[in-house]
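Inside the fold
Now for the letters of each chain:
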Amino acid sequence: MSLSIGHLMKEHYDPPPVFDPVRLLEVIRIQTDIAKQGLDLGGVMALVAQHAQQLTRASGAVVELVDGDEMVYRATAGVAASLLGLRLKRQGSLSGRCIEEGRPLRCDDSEVDPRVDRQACRRVGLRSMIVEPLKHNDTPVGVLKVLAPNPNAFNEMDMKTLELLAAPIAAAMFFAAKYESTELFHRATHDGLTGLSNRAYFYDRFRQRLEQARRGQESFAVLSFDMDGLKQINDCFGHRAGDAAIKEFASRLLASSTQTDTVARMGGDEFSIIRSHTESRDSANILASSFARNITAPFQFGPRSLTLNASLGFAVFPEDGSDIEELLEAADQRMYKEKRRRKGDAAKDLGMADRAEPEPVNA
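Nothing here was measured: the structure is a model prediction, and the numbers come from that model.

Overview of the overall build of the protein chain
Counting its secondary structure elements, the protein chain contains 12 helices and 12 strands. Classification of the 363 residues of the protein chain by burial places 48% in the buried group. The contacts in the protein chain between residues at least 6 apart in sequence include a share of 61% that link residues at least 24 apart. Element-wise, carbon and sulfur atoms account for 52% of the exposed surface of the protein chain, whose accessible area totals about 18,500 Å².

So, the packing of helix α2 (residues 21-35) against helix α3 (residues 41-56)
At their nearest, the axes of α2 and α3 sit 10 Å apart, and the two run at 165° to each other. Here α3 runs roughly antiparallel to α2, going by the angle between their axes. When you trace α2 past α3, the crossing you get is right-handed. Between α2 and α3, the residues in contact are Arg-23, Glu-26, Val-27, Arg-29, Ile-30, Asp-33 and Ile-34 and Val-44, Leu-47, Val-48, His-51 and Leu-55, respectively. Looking at the contact of α2 with α3 residue by residue, the class counts come to 7 nonpolar, 1 polar and 4 charged.

Considerations on the side chain of Ser-93
Positionally, Ser-93 belongs in the loop between β3 (87-89) and α4 (94-101). From its side chain, Ser-93 meets the backbone oxygen of Arg-90 in a polar contact 2.9 Å long. Excluding residues within four positions of it along the chain, Ser-93 makes contact with Arg-115 and Asp-117.

A few points about the pattern of salt bridges
Counted by the stated rule, this structure contains 30 salt bridges. We note a salt bridge from Arg-90 to Glu-100, for which the minimum N-O separation is 2.7 Å. Of the two residues, Arg-90 sits in the loop between β3 and α4 while Glu-100 sits in helix α4, which places them 10 residues apart along the sequence. Through salt bridges with shared partners, one network takes in Asp-67, Glu-70, Arg-74, Arg-87 and Asp-204.

Re the sheet that holds strand β8 (residues 262-267)
Hydrogen bonds between backbone atoms are what pair the strands of a sheet, whose relative direction is either parallel or antiparallel. Here we have 4 strands laid out as an open sheet, ordered β8-β9-β7-β12, and antiparallel in their pairing. Looking at which strands have only one partner, the edges of the open sheet turn out to be β8 and β12 (309-317). Along the sheet, successive strands turn relative to each other by an average axial angle of 20°, direction set aside. Pairing analysis gives 5 bridges linking β8 to strand β9 (residues 270-275), with the strands arranged antiparallel. In the sheet register, Arg-265 faces β9, and the bridge partner there is Phe-271. Relative to the sheet, helix α11 (residues 281-295) contacts β7 (220-228), β9 and β12, its axis offset from that of β12 by approximately 160°.

Focus on the packing of helix α9 (residues 230-237) against helix α10 (residues 239-255)
Between α9 and α10, whose axes approach to 7 Å, the crossing angle comes to 145°. Between α9 and α10, the residues in contact are Leu-230, Ile-233, Asn-234 and Phe-237 and His-239, Ala-241, Gly-242, Ala-245 and Ile-246, respectively.

Comments concerning the layout of surface pockets
Empty pockets left among the atoms are what a rolling probe the size of a water molecule brings to light. Considering only enclosed or pocket space, the largest pocket measures out at about 460 Å³ in volume. Gly-42, Gly-43, Ala-46, Arg-199 and Met-266 are, among the 25 residues lining the largest pocket, the residues nearest its centre. Mapped by element, the contributors of at least two residues to the lining of the largest pocket are α3, β2 (70-78), α8 (199-216) and β8. Broken down by element, the lining of the largest pocket gets its largest block of residues, 5 residues, from α3.

Examining the pairing of strand β5 (residues 128-136)
Burial analysis of β5 places 8 of its 9 residues in the buried class, which makes it a mostly covered element. Relative to β5, strand β4 (residues 105-107) runs antiparallel, the two being bridged by 3 bridges. Across the sheet, residue Leu-105 finds its bridge partner in β5, namely Val-131. Of the pairings in the sheet, the one linking β5 to strand β6 (residues 139-148) comprises 9 bridges and is antiparallel in character. The residue of β6 that forms the bridge with Pro-133 is Val-143.

Remarks on the state of the cysteines
Tallied over the full model, the rule gives 0 disulfides. Cys-121 takes part in no disulfide bond, and the closest cysteine sulfur, belonging to Cys-107, lies 6.3 Å away.

As for the environment of Ala-170
Looking at where Ala-170 falls in the secondary structure, it is placed in helix α6 (residues 156-177). Here Ala-170 falls in the partly exposed class, since its relative accessible area comes to 25%. C-alpha separation for the pair Ala-170 and Pro-133, spaced 37 residues apart in sequence, amounts to 9.6 Å.

Conventions and cut-offs
- Residues numbered from 1 in each chain as written.
- Predicted model: local features only at pLDDT ≥ 70, side-chain atom pairs only at ≥ 80, totals over all residues.
- Heavy atoms only, no water.
- Helix = DSSP H or I, 4+ residues; strand = E, 2+ residues; numbered from the N terminus.
- Buried < 20%, exposed > 50% of the residue type's maximum accessible area, 1.4 Å probe, protein only.
- Contact = heavy atoms within 4.5 Å.
- Areas by Shrake-Rupley, 256 points an atom, 1.4 Å probe, with all protein chains shown as cover.
- Axes fitted to C-alpha atoms, helices over the stretch in contact; angles between N-to-C directions.
- Parallel < 35°, antiparallel > 145°, perpendicular 65-115°, else oblique.
- Left-handed = near helix turned anticlockwise from the far one by under 90°.
- Nonpolar A, V, L, I, M, F, W, Y, C, P; charged D, E, K, R; others polar.
- Polar contact = N/O pair within 3.5 Å; in protein donor to acceptor, adjacent residues only side chain to side chain.
- Salt bridge = Lys/Arg side-chain N within 4 Å of Asp/Glu carboxyl O.
- Pairing = 2+ DSSP bridges.
- 1 Å grid on protein atoms, 1.4 Å probe; cavity = no way out; pocket = protein on both sides within 12 Å on 5 of 7 lines; lining within 4 Å.
- Points joined across faces, edges and corners; volume = space filled by probe spheres on them.
- Disulfide = S-S within 2.5 Å.

Shown next as structure tokens:
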């Protein structure tokens, strides 16, 4: 028996399923882990996206937040990981409809579902999805979405799972924002420890700057930083000292940056900066040297003076690449080359010390 389009598109009002107790226990465990993120809204969204993908056996998951007439990918997992910071129009999308209606929606096949942006679905590589509204003060401000490349990938159990996983994001929004939409945006786009832009906001700004540079035939630079010795600080002096080192490093990056730079903590001991305007690769090299001088100095943690240093690399558009992946790869390669060179110099110095002639001993 063939199914009509109307049948395929009907909303799902089936009775709620008996929840799988194993999955329910896993959701409860995940909610506990997420609660430990505290007011780090960006961290909460990243964890939820990761677990939503795993629990529903999806190929990817996204947390999208509303920004005017657009939806912005603020957290991603799986096949959607490379799309962090992507912006799509609300109008004509299932996410936009979810925001308007304030209720979960499911698409079983994007090729025949009139509610979806078919071209956007093809670009992302999905055929079926679920979108669950994320509400702040009872107002939908975003969606939690899972997606799959094949039709009919999700069921009612998956919809209930997303509903349960959306709850920690709503709670984080409530406590982090304290009813202020501007604070909500800040919490969603900035790192809780340092106050710098987070990974999601960095990619958002990167995509916007790339489009501007292409249109205006302009140059700009991206710098990648990897703190040296953070693990040793954590191991020897504890995580309070490690957190102090990260905050001090972030402070030095900000002090060396301009107001138009995007300075971001990408996670752990990794940082990146977008310098909006750069003349050439030579000027970016001079800029990198300036940052290296400004961030290399001991810092005081209680009575101790701890060493603070980093390896860094840079890339320039369009000399080093034409898209985000190429530019970040070029910056990382320069950074790793610098790290290897410094380790080689240290090993060479140690070897010379070992081979030094012993001091004469007076009998």
